[in-house]
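Here is how the chains run, residue by residue.
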Protein chains: 2
Amino acid sequence: MRPTVHDIADTAGVSLATVDRVLNDRPGVRGVTRAKVEAAIAALGYVRDVAAANLAKSRVYPLVFILPEGDNPFMRGLEAEVRRAGLHSASERTRLSVVTVPAFDAGALAQAIDGAIAENVSGIAVVAVDAPEVSTAVGRAHAAGIPLVTLVSDLAGSGRDHFVGVDNIAAGRTAGSLMGRFLGGRPGPVAVLAGSMRVRDHRERLEGFCAAMAEMPVARAILPVLEGQDDPARSRVLMSECLAAVPDLAGVYSLGAGNQGLVAALADGERDDICVIAHELTAHTRAALEAGTIDAVLNQDAGHEVRSAIRVLRAKADGLPVIAAQERIRLDIFIKDNLPAGPDEDDGN
Amino acid sequence: MRPTVHDIADTAGVSLATVDRVLNDRPGVRGVTRAKVEAAIAALGYVRDVAAANLAKSRVYPLVFILPEGDNPFMRGLEAEVRRAGLHSASERTRLSVVTVPAFDAGALAQAIDGAIAENVSGIAVVAVDAPEVSTAVGRAHAAGIPLVTLVSDLAGSGRDHFVGVDNIAAGRTAGSLMGRFLGGRPGPVAVLAGSMRVRDHRERLEGFCAAMAEMPVARAILPVLEGQDDPARSRVLMSECLAAVPDLAGVYSLGAGNQGLVAALADGERDDICVIAHELTAHTRAALEAGTIDAVLNQDAGHEVRSAIRVLRAKADGLPVIAAQERIRLDIFIKDNLPAGPDEDDGN
DNA sequence: CTGTTAGCGCTTTCAG
DNA sequence: CTGAAAGCGCTAACAG
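Note that this is a predicted model, so its numbers are computed, not measured.

S.K.: Can you break down the overall build of chain A residue by residue, with the values?
M.R.: Secondary structure summary: chain A contains 13 helices and 11 strands in total. Principal-axis analysis of the C-alpha atoms gives chain A an extent of 85 × 40 × 35 Å. Taken across its 349 residues, chain A has 53% of its residues classed as buried. Summed over its atoms, the accessible surface of chain A is roughly 14,400 Å², and 54% of this surface lies on carbon and sulfur atoms. If you average the places of the 35 positive and of the 45 negative side-chain charges in chain A, the two averages end up 8 Å apart.

S.K.: Tell me about the packing of aromatic side chains, and please be specific about residues and values.
M.R.: In total, this model carries 3 aromatic pairs over all chains according to the counting rule given. Ring plane angle 40° and centroid distance 6.0 Å describe the contact between Phe-182 of chain A and Phe-182 of chain B, whose orientation is recorded as tilted. Taken together, the residues Phe-182 of chain A in helix H8 (residues 168-183) and Phe-182 of chain B in helix H8 (residues 168-183) connect one chain to another. With respect to burial, Phe-182 of chain A and Phe-182 of chain B carry one shared label: buried.

S.K.: Explain the pattern of salt bridges to me, and be specific about the residues and the numbers.
M.R.: Residue and element names in this part refer to chain A. For the structure on display, the rule yields 39 salt bridges over all chains. Its salt-bridge partner being Arg-236, residue Asp-268 comes within 3.1 Å of it at the nearest N-O pair. Taken together, the residues Asp-268 in helix H11 (residues 259-268) and Arg-236 in helix H10 (residues 232-245) connect sequence positions 32 residues apart. Given a relative accessible area of 46%, Asp-268 falls into the partly exposed group. The partner of Arg-271 in a salt bridge is Asp-273, and the shortest N-O contact between them spans 3.1 Å. For Asp-273, a relative accessible area of 38% corresponds to the partly exposed category.

S.K.: Got a sec to walk through the protein's contact with DNA strand D? Specific residues and values, please.
M.R.: The local shell around DNA strand D holds 25 residues, among which Val-5, Asp-20 and Tyr-46 of chain A together with Arg-21 and Thr-33 of chain B are the closest. Among the atoms of DNA strand D close to the protein, meaning within 4 Å, 68% are from sugar or phosphate groups. Here a phosphate oxygen of DNA strand D and a side-chain polar atom of Arg-26 of chain A are 3.4 Å apart. One nitrogen or oxygen atom from the main chain of Arg-30 of chain B is found 2.7 Å from a phosphate oxygen belonging to DNA strand D. Every element with two or more residues in the surface near DNA strand D is listed here: helix H2 (16-23) and helix H4 (50-56) of chain A together with helix H2 (16-23) and helix H4 (50-56) of chain B. When its residues are assigned to classes, the surface near DNA strand D shows 11 nonpolar, 7 polar and 7 charged.

S.K.: Report on the protein's contact with DNA strand C, specifying residues and quantitative values.
M.R.: Taken together, 25 residues form the shell around DNA strand C, and within it Arg-21 and Thr-33 of chain A together with Val-5, Asp-20 and Tyr-46 of chain B come nearest. When the atoms of DNA strand C within 4 Å of the protein are grouped by moiety, sugar and phosphate amount to 64% of the total. Contact distances for DNA strand C include 2.4 Å between a phosphate oxygen and a side-chain N or O atom of Asp-20 of chain B. Within the contact set of DNA strand C, a phosphate oxygen lies 3.3 Å away from a side-chain nitrogen or oxygen of Arg-48 of chain B. For the surface near DNA strand C, the elements supplying multiple residues, two or more each, are H2 and H4 of chain A together with H2 and H4 of chain B. For the surface near DNA strand C, the class distribution of residues is 12 nonpolar, 6 polar and 7 charged.

S.K.: Give a detailed account of the interface of chain A and chain B, specifying residues and quantitative values.
M.R.: Contacts between the two partners involve 40 residues from chain A, matched on the other side by 40 residues from chain B. Interface area for chain A against chain B, summed over the two sides, is near 3,800 Å², with a carbon-plus-sulfur share of 51%. Of the charged contacts in the structure, one is a salt bridge between Arg-330 of chain A and Asp-301 of chain B, with a shortest N-O distance of 2.5 Å. Joining chain A to chain B, the criterion identifies 12 residue pairs in polar contact (both at pLDDT 80 or more). Those elements that place two or more of their residues in the side of chain A that touches chain B are H4, helix H5 (73-92), H8, helix H13 (302-317) and strand S11 (331-334) of chain A. Among the elements that line the side of chain A that touches chain B, the one with the most residues is H8 of chain A, at 7 residues.

S.K.: Kindly report on the relation of the copies chain A and chain B, identifying the contributing residues and their values.
M.R.: Once chain A has been moved 0.1 Å along the axis and rotated by 180°, it coincides with chain B to within an RMSD of 0.1 Å. Taken together, the rotation and translation describe the operation of a two-fold axis. Mapped onto chain B, 100% of the interface residues of chain A again fall at the interface, so both copies present the same surface.

S.K.: Summarise the sheet that holds strand S3 (residues 123-126) of chain B; cite the residues concerned and give the values.
M.R.: All names here are of chain B. Spatial ordering of the open sheet is given by S2-S1-S3-S4-S5, a layout of 5 strands whose pairing is parallel. Among the strands making up the open sheet, the edge pair consists of strand S2 (94-101) and strand S5 (162-164). In this sheet, neighbouring strand axes are inclined to one another by 20° on average, regardless of whether the strands run parallel or antiparallel. Looking at chain direction, strand S4 (residues 148-151) and S5 are connected through 3 bridges and run parallel. What sits directly across from Thr-150, in S5, is Phe-163. Relative to strand S1 (residues 61-68), helix H13 (residues 302-317) is tilted by about 135°, and along the sheet it contacts S1, S2, S3, S4 and S5.

S.K.: Could you give an account of the UniProt feature "domain: HTH lacI-type" (unreviewed entry) in chain A, naming the residues involved and the relevant values?
M.R.: Residues annotated by UniProt as "domain: HTH lacI-type" (unreviewed entry) correspond here to residues 3-57 of chain A. Annotated as 67% helix and 0% strand, the span residues 3-57 of chain A places its first and last C-alpha atoms 20 Å apart.

S.K.: So what's going on with the domain arrangement of chain A? Residues and values would help.
M.R.: Taken domain by domain, chain A comprises domain 1 (5-48), domain 2 (61-164 + 302-329) and domain 3 (168-300). On a C-alpha basis, the centroid separation for the pair domain 1 of chain A and domain 2 of chain A is 36 Å.

S.K.: Describe the pairing of strand S8 (residues 251-254) of chain A, and please don't skip the residues or the numbers.
M.R.: All names here are of chain A. Here S8 shows two buried faces, one formed by Gly-251 and Tyr-253 and the other by Val-252 and Ser-254. Relative to strand S9 (residues 275-279), S8 is paired through 4 bridges, and the arrangement is parallel. In the strand pairing of S9, Ser-254 is matched with Ala-278. Each parallel crossover has a hand, and for S8 linked through H11 to S9 it is right-handed.

S.K.: Please give an account of the pairing of strand S9 (residues 275-279) of chain B that cites residues and values.
M.R.: Residue and element names in this part refer to chain B. Counting buried positions along S9 gives 5 out of 5 residues, so the element sits mostly inside the fold. Neither face of S9 is open: one carries Cys-275, Ile-277 and His-279, the other Val-276 and Ala-278, and all of them are buried. Where S9 and strand S10 (residues 296-300) come together, 3 bridges link them in parallel fashion. Of the residues in S10, the one forming a bridge with His-279 is Leu-298.

S.K.: Help me get a handle on helix H1 (residues 5-12) of chain A, residues and values and all.
M.R.: All names here are of chain A. Regarding H1, the residues found buried are Ile-8, Ala-9 and Ala-12. The buried residues of H1 occupy one face: seen down the axis, they fall within an arc of 100°. On the buried face of H1, the contacting elements are H2 and helix H3 (31-44). Of the residues flanking the start of H1, the one acting as N-cap is Thr-4, its side-chain oxygen 3.0 Å from the backbone nitrogen of His-6. Looking one or two residues beyond H1, the residue adopting positive phi is Gly-13, at roughly 70°.

Each value, and the rule that gives it
Residues numbered from 1 in each chain as written. Chains lettered and ligands numbered in written order. Predicted model: local features only at pLDDT ≥ 70, side-chain atom pairs only at ≥ 80, totals over all residues. Heavy atoms only, no water. Helix = DSSP H or I, 4+ residues; strand = E, 2+ residues; numbered from the N terminus. Buried < 20%, exposed > 50% of the residue type's maximum accessible area, 1.4 Å probe, protein only. Areas by Shrake-Rupley, 256 points an atom, 1.4 Å probe, with all protein chains shown as cover. Lys, Arg positive; Asp, Glu negative; His and termini not counted. Charge placed at Lys NZ, Arg CZ, Asp CG, Glu CD. Phe/Tyr/Trp six-rings, centres within 6.5 Å; stacked < 30°, edge-to-face > 60°. Salt bridge = Lys/Arg side-chain N within 4 Å of Asp/Glu carboxyl O. Near = heavy atom within 4 Å. Polar contact = N/O pair within 3.5 Å; in protein donor to acceptor, adjacent residues only side chain to side chain. Nonpolar A, V, L, I, M, F, W, Y, C, P; charged D, E, K, R; others polar. Contact = heavy atoms within 4.5 Å. Buried area = accessible area lost by both parts, 1.4 Å probe. Least-squares fit on C-alpha atoms with pLDDT ≥ 70 in both. Pairing = 2+ DSSP bridges. Axes fitted to C-alpha atoms, helices over the stretch in contact; angles between N-to-C directions. UniProt positions renumbered as here; feature names shortened; annotations may be inferred. Domains from an automatic or database assignment. Right-handed = clockwise from strand over helix to strand, strands pointing away. Arc of directions from axis to C-beta.

Okay, here's the thing in C-alpha cells:
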C-alpha cells in the first residue's frame, strides 16, 4: 500500500494537522518540526492522492469561457466541448459556464470580461480580439487576482496568464509547405481567404504561410488577402470574384472560418482542380475533404484546448505551477485518408 | 451543491447501503425499493462522483504491459509512457508493470501471457505477434476472466477484448496518398521497407499503401517488400542494395521501425532527392524530418495508446462498457513544420 | 505552534 | 432484503 498522511504523521511523530500544514506549506510550523515531517515524506516516498485531497476540500471553481457568438462552426464546437467537459466537472470540482459575445467586437468582449470579474469567478478563458480595450480589461482581471487565459487567439503584451492554442505561425508555415508540395511545378498564383486581420491568429497564419511559400523552389504569387469576416455569404462573394478575376488560380489557403462560402464558390465555378488548404475540422470541411474539394485541413483539437484551459486555470487558482510542455496544443493535419471518427464523436484524449 | 447519495437516500426513504446497491446494481434489493431509489436518482439528476467512489473502494488493479524488447525506439517510447502513467497510477488505483519479450517471438509472447495469468493480474495489454500460439494464450486469459487488449498490432480472430492502436489500413492509405501527391508527375518506382510480414500492422499498412497508390492518376511500380526485422543493420543493408539496384528510385515507404538503417543508407548513397515517408516519431525520424531526409512521418501517439489501454482494461475489470468512439487512436501526420515540442516532452492530452 | 475531531461522497462489512 | 457504522486519504475548523 502506498504511504498516507497517517504514515508520515507516525514516522515523524506529529499529528495529521501538522503533516497537512507542511504538505500544503501553510504557516505555523516550527522549522525543526517541518524538517522532521519533510524527512518522513522523503523517506517514505510519499505522493499525495489528489483525488482524496479534492474530495476533502469541497471547494468548487467557477470558470467562465467567453466565446464569439454566431454560426462559426469551430467556435460552436469549442462551446460543445466546454459543455462536454462540464459533465465531468463533477470530479474536477469545477463549474463551467459559457458567455458569448459578438465576433470581432472588442468592446463587447471587454464588457464580458468585466462581467466575469464582477461575478468573482475563479478563472476566465477568452477567445481574444487583439485590441486595447480588451488588454485593459485583461489587466483588470489580473488586478483582481483572477487567472485569465487566452484561447485560440492570443492578445499581444497583455497580462494574460497563459495562451491555450496552436503556434499559428507554424500553422501557416505548415499550410504553405503543404501547398507548395501539392502544387509542385504547376503554375498559377494562390489566394488567401481570411476572417479578419484584427485577430492575431489570422495575422500569424498569413505570416507563416507567406514565409513558407517564399522558401519553395518554385516562386509563386500570393494574391492580396480576402477578408470574409468569417461570414459564409461574404466569403462566397469574395471568392467567386477572385475565381472570375484570376482564371489560372492554382490554390487557396483558407485560414479563417469562411470555408462554407469557399466551398460554395468553388462549386459555383466548378473548380475542383484548385488545391485548397483550410483550417479546422468541421462538418463542412470534413465533407469537402471527403469530396476532394479541400485537399488538407489543419486542425486544433477543441477538446484538448478546453481541457488544457481548465487545467491551467485550476492550477493558477490553486497557485500551482503549469507544466508548459504538457499544455502545448498540437496542430493536426488531416487528409481524406486519416480523417478521425465522426464529427460528434469525441476521442477524449 | 450537487446531489449526493445521502440526498437520494433521504428522498427515497431508504438507507445509504440500499442506494449503493442500486447504483452499482448489486443483488439484494426488492423491485419496489429499487424503483423508489431509481426515481429519486432521476428526480435529483444524480451523477456519481467517481473520484470519491474510487477512494472508498481502495481496490487496486495490477495491469501488465507485454512489449517487445530490443532497441526499437517506438517500443521503448511506449515503455516510457507506461512508466510515466505509473506515476499517476496513484489516483487511478492501478499498479502498472512492464514485461519485455524478444521481438517477433510468438512462443515467448505466449509464455509471458501465461505468466501474467498465473500472477492473476486484473488486466493485460500486449503488442501482438499474429500467430496461433499467441491466440491460444489469449484464449486462456479470456477463460481465466482476465481482460486483455492488443496494443499497436492486433491479433486476428482471437478472444482479445479490444484493440488499442491506429487503423493500419488507413495509415497505409495515408502514406500512399501523400507519397502520390508529393511525387506528382515525377517518374520512378517506390520501395517499401518493413519489419516483418508476421505482424499484422505491417501487413495492413502495406495493403493500404498499395491500394492508395493504385488510385493515383500516375501509375507507379511498387518494388517487392524489404523485410528488415526492425533491425538497423539489416535494414541498412537491404536499403543500400535497393538503392544500388534501382537508380531511378523515386520514393521509399518505411512502414516498420527500420528508420535508422534507412536514413543511414540514404546518407551513404547521398540520395536526398528521394521522397521518404516513415512511421513513428522518434529521435531518429524527428532528426531526419528536420534535416529534410524524411518528408513526412505518420505517428501513433504512444501516450494516448497507453492511457487508452489503461482506461479500457479498468473498465473491463469493473465490468463497465467501453465508449468505443472515445478510445479511437488518431493517426498523426507530421512534416517539418508541425513537429511538436521536444522528444521527451509530453503533451499529456 | 501543535493536536483533536469531524467530515468530503462513496463503499463495505456486519448486524438485523 | 435492509440498515448502521466504519472507513478510504485528505483538509479544515477549533481547541489547547
